[in-house]
Amino acid sequence: MKLTAADIARLAEGDLKGDGATPIFAAAPLETAGPADLAFLADPALAAAAAASRAGCLLAPRGCEAALKDFPGTAVFTKNPKYAFMLALRLVEKEMRPLPAAGVHPSAAVATSAKVEPSAHIGPCAVVEEGAAIGYGAVIGAQCYVGRGARVGRATRLYPGVKIMDACEIGAECIIHAGAVIGSDGYGYISPRGVHEKIPQLGKVIVEDSVEIGANTAIDRAALEATVIGAGTKIDNLVHIAHNVKIGKNCLIIAQAGIAGSTVIGNNVILAGHSAI
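Throughout what follows, the structure given in this document is the object of discussion. All values reported here derive from a predicted model rather than from experimental measurement.

Another aspect to go through is helix α3 (residues 81-96). The terminal C-alpha atoms of α3, which comprises 16 residues, lie 22 Å apart, in line with the 22 Å expected from a rise of 1.5 Å per residue. By the burial criterion, the buried members of α3 are Pro81, Ala84, Phe85, Leu87, Ala88 and Val92. Buried positions in α3, seen along its axis, are confined to an arc of 155° and lie on one side of it. Opposite the packed face of α3, turned more than 90 degrees from it, sit the exposed residues Lys82 and Lys94. Summarising the contacts, the buried residues of α3 are in contact with α1 (5-12), β4 (26-27), β5 (37-40), β6 (57-61) and β7 (74-78).

Here's what the structure looks like:
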């Protein structure tokens, strides 16, 4: 990150106190930040302690100006310091984790009937099967699998080792982390003769726009129709979502949660870690 304190103030829509030319090269926690770092104060009650920080630039809540009058660095007073800090971290992330260049790696296997936008990236040893479609600016990481007839939307990123099984649909601007499996068979059996016989799972998974799915999470395809993950929902690592589940928009589903088949969850629901539905 190569910004000045004045740049941070503009980003935060905040009020600058101190030298706007102060160079900022990194971000750090308040306790360990140095003169070249950006830090933030979320709790006004801790403003007096924050005044001793060595951070070069401090994002602080409006109303803390008097408590931070002795802060030696540059301060930016803004409505929501944590949010402003997040915006700055996005700039850091773009530098630390730049998107790979467009194109298909020579070791990737892309079927002739697949449709891959020229702006998309298909990484080493990735497989894109017949009839699949990869959208504008999408990133398909190393060793990913996109099955027959599957869809990956615009600007969606699949980290290495993600599996999108046949006919599943991933929306725009989604993030799916390493090892996640979307569209594994639902767990369905019948035992009419004392032996467990598998019920074919012929449906799919639909992941709507701006969903994030954590590492090693598994979302099962529906038996006949669709398992649905609503737009804006964020799913942590090691979550299992069974077949025919319908999850609403903007939900938060935390690590090791388990959601049984045909469960319906509304909008803006939070499932805490290790909860079961």
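Next comes the rest of the write-up.
Once that is clear, we can look at the environment of valine 92. Among the secondary structure elements, valine 92 is positioned in helix α3. On the accessibility criterion, valine 92 (13% relative accessible area) is buried. Taking the C-alpha atoms as reference, valine 92 lies 8.2 Å from alanine 27; in sequence the two are 65 residues apart.

Conventions we followed
Residues numbered from 1 in each chain as written. Predicted model: local features only at pLDDT ≥ 70, side-chain atom pairs only at ≥ 80, totals over all residues. Heavy atoms only, no water. Helix = DSSP H or I, 4+ residues; strand = E, 2+ residues; numbered from the N terminus. Expected span 1.5 Å × (residues − 1). Buried < 20%, exposed > 50% of the residue type's maximum accessible area, 1.4 Å probe, protein only. Arc of directions from axis to C-beta. Contact = heavy atoms within 4.5 Å.

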